[in-house]
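Geometric and topological summary
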Amino acid sequence: EYKSRLGPGNCTACRNGTFSQTIGAISNANCTACNPGETSAARSTSCSVCPAGTFSKGLMCEDEDGWFGGNHDSASASCTRISSNMDMGNTWVCDYGYDSVLGMSAREACCACGERALSFPDECRVCGAGTYSNTSAASTCAVCEAGKARPANASAITCSVCPAGTFSPGLGCEEEEGFNANYYGTCEMVAESIATSDTSICDYAIDYQMRMTARDACCVCGNRTTLPSECRTCHAGSYSNQAGASSCTACPPSTYSNATGSTLETVCIACPQHAESPAGSTKMKECKCRPGSAGDNNTVCSLCAAGTFSTNNPFVGMTGTIADSTLKMWAAADVREWILGGDSQSCDTVCTHAGLACSTSSGKFPQLSKTDTRALYGFFGYGCGSMSSYDGAASPMYYSGTCYHQQSGTSTCSGSYSNAKRLCACIEGSSMATSLPFECQTCRAGTYSDSGANICTVCPSGTYNSFEGSTSQAACMTCPAHAESPAESSNVADCICVPGFEGVDGGECSICEVGKFSNSSNGTAFRQCQSCAPGMFSNISGASACAVCDAGKARPANASATECLICGLGTFSVGLGCEDKESFNSNHGSCSSVAARVAGGETWICDNAVDNQMHIMAREACCACGTRTTLPAECKTCVVGTYANHSGASACATCLPGTHKTLLITWEIANTSDDIGRNFSSNVEGPCLPCAEGSFSASINSTTCSKCEAGKHGPAMGVSSCSLCPAGTFSPYSVDVTCGGSCNESCISSSGSASGTFSDGAGNYENSEDCWWLLTSVSPNTEIIISFVLFETESNYDYVSVYTGNASDSLTQQILRLSGSLNSSANVAKSSTGFLKITFTSDGSVTRSGFTGKWRAYGIPSSKCTPCPSGTYSTVAGAISSATCTACIAGKYSLAQTNAKYPLGVQQSYSTELFSGLSCTVCYNQPYSHSTQESDIENCRLAVDTGGWIAMGAKSSSDASAFAVLAFLPTSDLVTSSSTSQAYGPSNGVYWYYFPRQSVGFASSSSISLSSADVSDSSLSDSDSGTCSSRLSWHLDLSAGGWRAGCATSLNSDPTWRKMMFSCPGSHKHQQSTCLDCVPGKYSSLSSATACLYCPVLTTSENGSSSCECIIGHMANTNGSCTPCEKGKFKNMIGNGSCIACGTGKYVGTTGSTVCSDCMAGTFSLVNGSISNEACVPCPADHFCLLGQGDARKCPPHSTTPSGRWYCSCKAAHHVVLPDHFYSKPSSHIPVNFTAFSYIALESTQTLLHYMQSFGLTGDSSNDGTDLWTNSFSGDIAYVSSPVAQIDYFTRYARVRIIDGDGSPDVNDWSIFNFGVANGNGDYDGNSHRESFFGGESVYSGGNDGDSSINVGGVWGFSHKRGWTLLYLLNLGDSAANHRDGMWFNAGTNLTIGKRDAYDTLPVNFIGFSVHDTNNQTDRNFDGKSFPVWANEATCDPSGRYSNLSDAAAVFLSRDQMHCSLGLTWKQLLVLKQEKETRERISTGGLGKRLVNEIKVWVCDRDNECSETQNPMCFVYEEVHRVFIPWGLKAQVLHR
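Residues numbered from 1 in each chain as written. Predicted model: local features only at pLDDT ≥ 70, side-chain atom pairs only at ≥ 80, totals over all residues. Heavy atoms only, no water.

1. Description of the overall build of the protein
From N to C terminus, the protein includes 18 helices and 118 strands. Residue burial in the protein is summarised as follows: out of 1536 residues, 47% are buried. Residue pairs at least 24 apart in sequence account for 60% of intrachain contacts in the protein once pairs closer than 6 positions are excluded. Of the roughly 69,000 Å² of accessible surface on the protein, a fraction of 50% belongs to carbon and sulfur atoms. (Helix = DSSP H or I, 4+ residues; strand = E, 2+ residues; numbered from the N terminus. Buried < 20%, exposed > 50% of the residue type's maximum accessible area, 1.4 Å probe, protein only. Contact = heavy atoms within 4.5 Å. Areas by Shrake-Rupley, 256 points an atom, 1.4 Å probe, with all protein chains shown as cover.)

2. A word on the pairing of strand β104 (residues 1236-1246)
Sheet topology note: the β104/strand β106 (residues 1281-1285) ladder contains 3 bridges and is antiparallel. The residue bridging Phe1237 from the neighbouring strand is Val1284, located in β106. Note that β104 and strand β113 (residues 1404-1412) share 7 bridges and pair antiparallel. Paired with Tyr1239 across the bridge in β113 is Gly1408. (Pairing = 2+ DSSP bridges.)

3. Comments concerning the sheet that holds strand β107 (residues 1295-1301)
Strand order in the open sheet formed by 5 strands is β105-β107-β108-β109-β110, with antiparallel pairing between adjacent strands. Two strands lie at the open edges of the sheet, namely β105 (1276-1278) and β110 (1342-1344), each paired on one side alone. For this sheet the average axis-to-axis angle between neighbouring strands, irrespective of direction, equals 35°. Where strand β108 (residues 1310-1314) lies against strand β109 (residues 1332-1334), 2 bridges are found, and the strand directions are antiparallel. Bridging across to β109, Asn1314 finds its partner in Phe1333. (Axes fitted to C-alpha atoms, helices over the stretch in contact; angles between N-to-C directions.)

4. Considerations on the environment of Ala857
If you trace the backbone, Ala857 turns up in strand β71 (residues 850-859). Among the residues examined, Ala857 registers a relative accessible area of 0% and is labelled buried. Sequence spacing of Ala857 and Ser777 is 80 residues, and the spatial spacing of their C-alpha atoms is 8.0 Å. Here Ala857 is in contact with Cys708, Glu709, Ala710, Tyr733, Ser734, Val735, Ala754, Thr782 and Glu783, once residues within four sequence places are set aside.

5. Remarks on the environment of Ala1387
With respect to the helices, strands and loops of the structure, Ala1387 is situated in the loop between β112 (1363-1371) and α15 (1398-1401). Through-space distance from the C-alpha of Ala1387 to that of Asp1400 is 6.1 Å; in sequence the pair is 13 residues apart. Not counting chain neighbours up to four residues away, the residues in contact with Ala1387 comprise Leu1249, Lys1395 and Asp1400.

6. Some points on unusual backbone geometry
For the bond running from Gly985 to Pro986, omega is 5°, close enough to zero to count as cis. Mapped onto the elements, Pro986 comes out in strand β80 (residues 984-987). Although it is not a glycine, Ser919 sits at a positive phi angle of roughly 60°. Relative to the elements of secondary structure, Ser919 occurs in the loop between α11 (912-915) and β77 (921-927). For Ser919, a relative accessible area of 45% gives the class partly exposed. The backbone of Leu1098 sits at a positive phi, close to 65°, despite the residue not being glycine. Inspection of the secondary structure puts Leu1098 in the loop between β88 (1093-1094) and β89 (1099-1100). Residue classification places Leu1098 among the partly exposed residues on the basis of a relative accessible area of 32%.

7. Observations regarding the packing of aromatic side chains
Per the counting criterion, the structure on display carries 46 aromatic pairs. Ring geometry for Tyr924 and Trp1034: centres 6.0 Å apart, planes at 50°, overall tilted. One end of the pair, Tyr924, is in strand β77; the other, Trp1034, is in strand β83 (residues 1032-1035), and 110 residues separate them in sequence. Take Tyr924 and Trp1034: they sit in the same class, and that class is buried. The interplanar angle of 80° and the centroid separation of 5.9 Å between the aromatic rings of Phe963 and Phe1062 together place this pair among those described as edge-to-face. Linking Phe963 in strand β79 (residues 962-970) with Phe1062 in strand β85 (residues 1058-1064), this pair joins segments that are 99 residues apart in sequence. Of the two residues, Phe963 and Phe1062, both sit in the buried class. In this structure an aromatic cluster arises from ring pairing among Tyr1279, Tyr1289, Phe1290, Phe1313, Phe1315, Phe1334, Tyr1368, Trp1384, Tyr1399 and Phe1409. Above the face of the Phe963 ring, Lys955 is positioned so that its terminal group lies 5.8 Å from the ring centre. (Phe/Tyr/Trp six-rings, centres within 6.5 Å; stacked < 30°, edge-to-face > 60°. Lys NZ or Arg CZ within 6 Å of the ring centre and 35° of its normal.)

8. Observations concerning the nonpolar core
Residues Met1252, Ile1299, Phe1313, Phe1334 and Phe1409 are the most contacted members of the largest nonpolar core, which totals 40 residues. If near-sequence neighbours (up to four positions away) are discounted, Phe1409 is found in contact with Ala1236, Phe1237, Ser1238, Ile1240, Phe1290, Val1296, Phe1313, Phe1315, Phe1334, Gly1354 and Val1355. Listed in part, the 26 residues of the second largest apolar core include Ala954, Ala967, Leu969 and Trp992. (Core = buried A, V, L, I, M, F, W, Y, C linked by side-chain atoms within 4.5 Å.)

9. Some remarks on the sheet that holds β83
Read from one edge to the other, the open sheet built from 5 strands follows the order β80-β81-β82-β83-β84, with strand pairing classed as antiparallel. What marks the edges here is a single partner per strand, and that holds for β80 and β84 (1042-1045). Neighbouring strand axes in the sheet, compared pairwise and without regard to direction, differ in orientation by 15° on average. Alignment of strand β81 (residues 990-995) against strand β82 (residues 999-1003), held across 5 bridges, turns out to be antiparallel. Across the sheet, Tyr991 pairs through a bridge with Ala1003, a residue of β82.

10. Brief notes about helix α12 (residues 934-942)
Each α-helix turn comprises 3.6 residues. Residues three or four places apart therefore point the same way. Along α12, the positions that sit buried rather than exposed are Asp936, Ile937 and Cys940. Angularly, the buried residues of α12 cover 100° about the axis, an arc narrow enough to put them on a single face. Those residues of α12 hidden inside the fold are in contact with β77, β78 (949-955), β81, β82 and β85. (Arc of directions from axis to C-beta.)

11. Quick look at the pattern of salt bridges
Between side chains of opposite charge, a pair can form when the charged atoms approach closely. Scanning the entire structure with this criterion turns up 20 salt bridges. For Glu123, the salt bridge identified is with Arg125, shortest N-O distance 3.8 Å. With a relative accessible area of 33%, Glu123 lands in the partly exposed category. Here Asp1300 ties to Arg1297 by a salt bridge, and the two come within 3.0 Å at their closest N and O atoms. For the residue pair Asp1300 and Arg1297, the accessibility class agrees, reading buried in each case. Linked through salt bridges whose partners overlap, the residues forming this network are Asp1276, Arg1295, Arg1297 and Asp1300. (Salt bridge = Lys/Arg side-chain N within 4 Å of Asp/Glu carboxyl O.)

12. Considering the confidence of the model for the protein
Per-residue pLDDT for the protein averages 76, and the proportion of residues at 70 or more is 71%. For the protein, helix α16 (residues 1422-1426) is the element with the lowest average pLDDT, namely 35, and strand β94 (residues 1140-1141) is the one with the highest, namely 95. In the predicted structure, residues 173-185 sits below a pLDDT of 50 and forms 20 contacts with residues beyond four places in sequence or in another chain. Contacts from residues 359-364, a stretch scored under 50 in pLDDT, to residues over four places away or in other chains number 10 contacts. (pLDDT = per-residue confidence, 0-100.)

13. Brief notes about the state of the cysteines
Within this structure, the stated rule accounts for 34 disulfides. Each sulfur of the disulfide joining Cys549 and Cys564 lies 1.9 Å from the other. Judged by the torsion about the S-S bond (-80°), the Cys549/Cys564 disulfide is left-handed. Of this pair, Cys549 sits in the loop between β48 (547-548) and β49 (553-554) while Cys564 sits in the loop between β49 and β50 (565-566), and the two are 15 residues apart along the sequence. The two residues Cys549 and Cys564 agree in class, both being buried. Across the disulfide from Cys1159 sits Cys1176; the S-S distance is 2.0 Å. What sets the handedness of the Cys1159 and Cys1176 disulfide is the S-S torsion sign, and at about -70° it is left-handed. Taken together, the positions of Cys1159 in the loop between β96 (1157-1158) and β97 (1163-1164) and Cys1176 in the loop between β97 and β98 (1177-1178) put the pair 17 residues apart, joining distant regions of the chain. Cys1176 gets classed as buried once you look at its relative accessible area, which sits at 15%. (Disulfide = S-S within 2.5 Å.)

Written out as structure tokens, the structure reads:
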């Protein structure tokens, strides 16, 4: 604190940002400003450190660095005078005075003299977007590195890495699209001043030519930067495949990409064959055929055939008029193209470029015949009315309709024909100009022409070439380090230092230090690093630009250039902008007046003067007149009626988007003693009102709402933007424009447009002009609005008038008349009659630049869009007329957007695309395995509005394109029912039931059978019911899921099928963005259809059909009707074609058949078209006849069978050998009589011996207790599958550990395979009966885990050739197979200990482990035991092994089912049959007359891996070997 006056009174607090530790201080001089990186509250004795993410600059002086004092000797005296006034209490001198000695405002003078500070470090400010601070006590914030960015709302402690597909260049240069210098040399002038150390030009000087402050001119000339506040998306033609990219990689040559934000190079699509494109191409049309090929450049380029050529020159393709021999002669002379000279150009003028001479003796100029001359002049658009030779010119010539061709031996030129046009050929090293005269041009410096090229290619950027006529890119020299040059540079001096560096052009470049930047050469031969201007900052070295402070922030001139300050409450900063441009009113000529005074040297007028005509500050007038922009050097105070209730505001808020404000303007006299001050304005804000329907406002503080344009609509009040009319609709508000009069050059008529422009033409208009433009609306209820963007006519003499009326011939009401300069308050006119006329007249003297205006059509009201007519559709959003509505083709239809009923009856295969137009909302969507509850149904009922509907249906999967079955009913009709046999209804053509604790669903008839779901027509043999496909039934309030969807039943546990319900409005609308397909069973034969017709009886159709065809089992008669197929014939597809006779081995005894029956296995038939099974005769002995076989086939060698059989059995002393391809799936061939079986996969095919030896051990290896032994040599290996698990021997830990130590270094205590607890619970010997392992220490071969029912373990190998093969069989209770004595690591067979030959010799893919209660020492392939002979595939081996197989028949239908396995025991089958949830899964029965020896019963499993939907896989049981043998799918075996 301090107290500066004597007497009573309180001490004054030191202000925010300062502190004082002095007791009894007498002035604020004892209040010391906090250091940079610190801040304080008022009345502080010390300062606190700013946390990470914030900063503090310390004490700052207002514009101290930027003021320009001039050459006044008495500057110090002036400061003294100001200080004296301050001492006397005249502080206003620092607010409104102007110091004529210093040549600056008193505000600036005060700061310069040290009497006024702009701001104190009264708060720690958050780093701006694109910057960060990761330390405390920061005085500046760092700019995000290249490849990173930070939005304004993200944490300011760090920057985020840009993801793939985006990039950030770091500190960059702001695009400069908006600047127009109007004069030449200004940028150079500014740069020259800066180069001579006159940096003040960028602060206060006015540039007379550019009509702006030199500060702005500096910015335009390349001295402005941007911060990395966001990651930019990669443009088309490029990609970024890694995070943190500072730039995107261009697609390589001969590729293109039109995608943005691409993350992979694969987005770059190769050009068609024989075509090429430059790197970074974005469209396929940039692919051009290479020389030596020709064709459509965008699709196909073909190589030229032998004897032909292509150079991509204009005369290629003229072979129809120029002989091949001539073209070949030109090619041999390397003629690239022909050019056409202009009138009055002699041969010397046209034909001497690139080394060409007029004389033909040089051999460079091919002769031209009459035919050649005529063809080439025709190519340039000139017809040769007559032909003549011309002795005096080597160049062909066209003159007054006559073509003059060359004569052999001519050698002179003549220019006697003053209006002649001459032809000349271009050769290598030259190119043709693109406009008249079409001259051949030698490649200039900075370019080159490769051999075979027909154009001169510019040297790429970053290189230069000082020589003309260069023939390769090697002539392009690379610029020095950190220097760049534009493409086509011709001198090393063109290499200037890259932005962020400085140095002499063509010389060495040095990096700019922190706080400075460079991005132009300043108009000199030197690029110089410069300090950031006020309102901008930079905190990295090598900056190419300073960043502008973000909106809501500012930086004074005397503050550090490394950060911007956040604006406080009640203040704002717009960032880069124009100062109050919106509020000015020019009132004729004031801009010219201000500009003239500035040009006369009165630059201060743009700082403090008040303009009497415009009634605004001259500073604002300068900006409004285009002579001043502003950088955010200070935060501005909100005006009366506006507010900013948070720091960092970019604007003061009043009305929000979607509203408009009422604005009252009052005037008051400035109460100052400064004679410069005049009138000031203050704004009184009225209430914010919402925009009406059909109008919008897009920004805050809008004074008016704009009407929606044609093709758009405003659906509600208070919207901030209009919406495009959706596809299928249009907003028909468009205008026809006609014009006439003397302004013919600018008269452009148009029709059906929504907007356009009109103008008197380029340059000054003529005297005595008389022009008119008539705008006529195409559709009713159209409002036309015009406005002028440029206007300058002779005041009070030359006029533009605007008229309106109710007809084109009665436009008599004048609504606007303009003359002189543009007046923003009176340059808009509108007509609501649909007609508007504009006229322009000028007198006979004095002209001006004229005018340019724009017009736009709006709807009255524009809140609705018109739907396309029924029978049409449109994919165009934002359409302005019905011209976009296209008629539906045959097979499709559409309805206009009107109320319509929902489809009547049960719908099958109902398109999801069609359903999407019904405006229904999903309220229940679960898999069929989900248990539906009554609450689910009621929630859907509650989701529907009064009068609404419910839709219920099923889809085969979530992404299915159609509902399998679907129906609609009003919500009021969904009531509970109690009958299990009768559904109620019909409602909307459908019968319904809703039975709690039973089921819910619908059917096409009232007959149902709830048990507890509807099981009607569910039998596969019930073929005459006809209602199966139109039923849906879900269990309700039970543990089971859904039961059926059409004919698909037993779906209780299905996770793929979906149960779905929807809430639908009382009526729905079709949106005609597309035409809808006719559903199956309907058709439309006409275009523009509004509905589809049902197919006639006995016919049907597929989706989107234009006609109907006969159903399956029927054929078309000559009269077009359909009739059933006769007996002995069938037809299994839709169509009008003929029925097909049954083949051999088949028959059919009914009409209308869709399939023929097979002759029973064991019989055959050689007759086609059989009508009964009497044609099937028994198969002879030693032959077999499969199901539906047309002939008897002889048994394979070493097998036999009696007559009437469909199988062959191996003879005595023979065994079955199955084909190699049989063993494809290890899970399908597991021996089923094991107690437990699990298996693992190997990384490569190898023998088990090789696999065990790969660990580098022997049976005598010692357990040294290291991590390798403790963790096992293999680590934990998870099982691929455990198909047999009657006990948890293998599955308790679900893994095996190979070569596993006991956890301590005790030499021999380890096992080969450990299936139990890790490290065998400390021992692999004495406690064998408590653990699970194979190959233990010395006493036990393995452990039985305490289960006395198992005493045998097996190790198996699976190969695709032999299936599962036994490799090692061990007794768990003895010691023969311990790890030391069991030959686990040594070759050799020992059946005593259980090791088989296959352990050493059979390459396997999987290793299996088994335990069981039978010590089976027999080396047998388990599949060879389980399956008898199948005559079609198997063979009999005469080795004599395994001859005890029975004559049981193999009844496979095809090799595809040979691998199938039931995988269940009889005990497990009985359990499944007894359980309520699974009883429907299993079906069983006896074979009856099909009984064959030991095969008596069958079992079908719906959930078997070989089953199909509604078609379970069936097996027969072979009792001798107690195995289930694959029989076939149920639908097929029923035919037996």
